[in-house]
Amino acid sequence: MEDSVSKLSESPSPRRGCLFLVATPIGNLEDITVRALRLLGEADLIACEDTRQTAKLLNHYGIHKSTVSYHQHNEASRANELLKRLEEGARIALVSDAGTPVISDPGHRLISLCLEYQVPVIPVPGPSAVIAALAASGLPSEEFLFVGFLPSRVVARRKKLQDLARENRTMVLYEAPHRLAQTLSDALEYLGRRQAVVAREITKIHEEFLRGDLAELLVRARQPLRGEMTILIGPPSSQTESGAELRAAPLRDRVEQIMREREIDRKAALKLAARERGLTKREAYKQLLSGA
Ligand code: SAM
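Here the structure is a predicted model, which means the values were calculated and not measured.

Caption draft 1: Seen up close, the overall build of the protein chain. When you go through the protein chain residue by residue, the secondary structure sums to 12 helices and 10 strands. Per-residue burial for the protein chain yields a buried fraction of 43% across its 292 residues. In the protein chain, the share of contacts with a sequence separation of at least 24, taken over all contacts with a separation of at least 6, comes to 70%. Accessible surface, the protein chain: about 15,700 Å² in total, of which carbon and sulfur atoms supply 51%.

Caption draft 2: Seen up close, the packing of aromatic side chains. Enumeration according to the criterion identifies two aromatic pairs in this entry. Taken together, the aromatic side chains of Phe146, Phe149 and Tyr174 make up a single cluster linked through ring pairs.

Caption draft 3: Structural view of the site of the ligand. The ligand sits among 19 residues. The nearest are Ile103, Asp105, Ser128, Ala129 and Met229. Separating a nitrogen atom of the ligand from a backbone N or O atom of Ile103 is a distance of 2.8 Å. Protein contact buries 91% of the 570 Å² of open area that the ligand shows by itself. At the level of secondary structure, the elements contributing two or more residues to the shell around the ligand comprise strand E7 (170-175) and strand E10 (229-233).

Caption draft 4: Broad picture of helix H10 (residues 251-262). When the terminal C-alpha atoms of H10 are compared, their 16 Å separation across 12 residues agrees well with the 16 Å that a helix rising 1.5 Å per residue should span. Listing the buried residues of H10 in full gives Leu251, Arg254, Val255, Gln257, Ile258, Glu261 and Arg262. Buried positions in H10, seen along its axis, are confined to an arc of 165° and lie on one side of it. Glu263 sits one or two positions beyond H10 and adopts a positive phi of about 50°.

Caption draft 5: Structural view of the packing of helix H6 (residues 154-164) against helix H7 (residues 180-191). Interaxial distance between H6 and H7 falls to 9 Å at its minimum, and their mutual angle equals 45°. Here H6 is positioned oblique relative to H7, judged by the angle of their axes. As for how H6 packs across H7, the hand of that crossing is right-handed. Taken together, the residues of H7 that come into contact with H6 (itself represented by Arg157, Arg158, Leu161, Gln162 and Leu164) are Gln182, Thr183, Asp186, Ala187, Tyr190 and Leu191. The class makeup of the residues in the contact of H6 with H7 is five nonpolar, three polar and three charged.

Rules used in this analysis
- Residues numbered from 1 in each chain as written.
- Predicted model: local features only at pLDDT ≥ 70, side-chain atom pairs only at ≥ 80, totals over all residues.
- Heavy atoms only, no water.
- Helix = DSSP H or I, 4+ residues; strand = E, 2+ residues; numbered from the N terminus.
- Buried < 20%, exposed > 50% of the residue type's maximum accessible area, 1.4 Å probe, protein only.
- Contact = heavy atoms within 4.5 Å.
- Areas by Shrake-Rupley, 256 points an atom, 1.4 Å probe, with all protein chains shown as cover.
- Phe/Tyr/Trp six-rings, centres within 6.5 Å; stacked < 30°, edge-to-face > 60°.
- Near = heavy atom within 4 Å.
- Polar contact = N/O pair within 3.5 Å; in protein donor to acceptor, adjacent residues only side chain to side chain.
- Expected span 1.5 Å × (residues − 1).
- Arc of directions from axis to C-beta.
- Axes fitted to C-alpha atoms, helices over the stretch in contact; angles between N-to-C directions.
- Parallel < 35°, antiparallel > 145°, perpendicular 65-115°, else oblique.
- Left-handed = near helix turned anticlockwise from the far one by under 90°.
- Nonpolar A, V, L, I, M, F, W, Y, C, P; charged D, E, K, R; others polar.

The following block contains the structure:
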């Protein structure tokens, strides 16, 4: 704690530009630090993922500053422009729409450039959905793996989940609401029936933590859930049926199990079981009839 307040000049040299990575709320606008507000007010420029989104925060706190967009589609050109301003001595605050910049958000390119050109990069810590979700999840948190968003392409997604099947730490995933059910279903298939949490709308009015195993959460997710969500998947316990065990069960048992877990009919369950085992529907049907 000592010296923390007297360090507030924030920059190694008064004339040098520097880049502040300013964390902003993930919902509740009160979740912002005093330091973040002061630095936003003092910055020469605020680089925002979406200027309209950040304007809501700035207006709420009566901060009137120039803003410029910095997002995944203009990162390359904008990073060079921002570097030029920084080298001329500007103090620039980088913010994303919510939470900590760079964490599954734009910023990496600019930071690399700053480091290459010896421009100081200064973190201004605050909210991040991964930490808020993990802390309240009740899942083991001594060690964890932040996965971020799974790849959207099917092959890459399966490969990633296969790699994660050996993971023994709690995993934290970001996901869009319309993909929640698919992700839970894929996770169940590859990681087995682990304990999990869907942390929804953290710090907002409809904040909710859904807890259960992956199969139970999958059933809940059949009713569409709205809002921002973070998925946490716990380590396998000694009783957890692994994805490999689930897939090794006789086909007939596996089909029954999928029907129960996902509340779907036999035909749909057979299709999923066939996919799991790399069988065509015809081969799976033959196996089912033969009792294998
Ligand atoms: N940089 C941000 C951070 O530090 O949390 C994350 C940005 S990432 C593009 C957005 C994802 O974070 C959402 O799709 C969701 O998975 C998660 N997220 C953001 N806000 C959330 C909230 N209030 N509740 C639950 N998850 C949230």
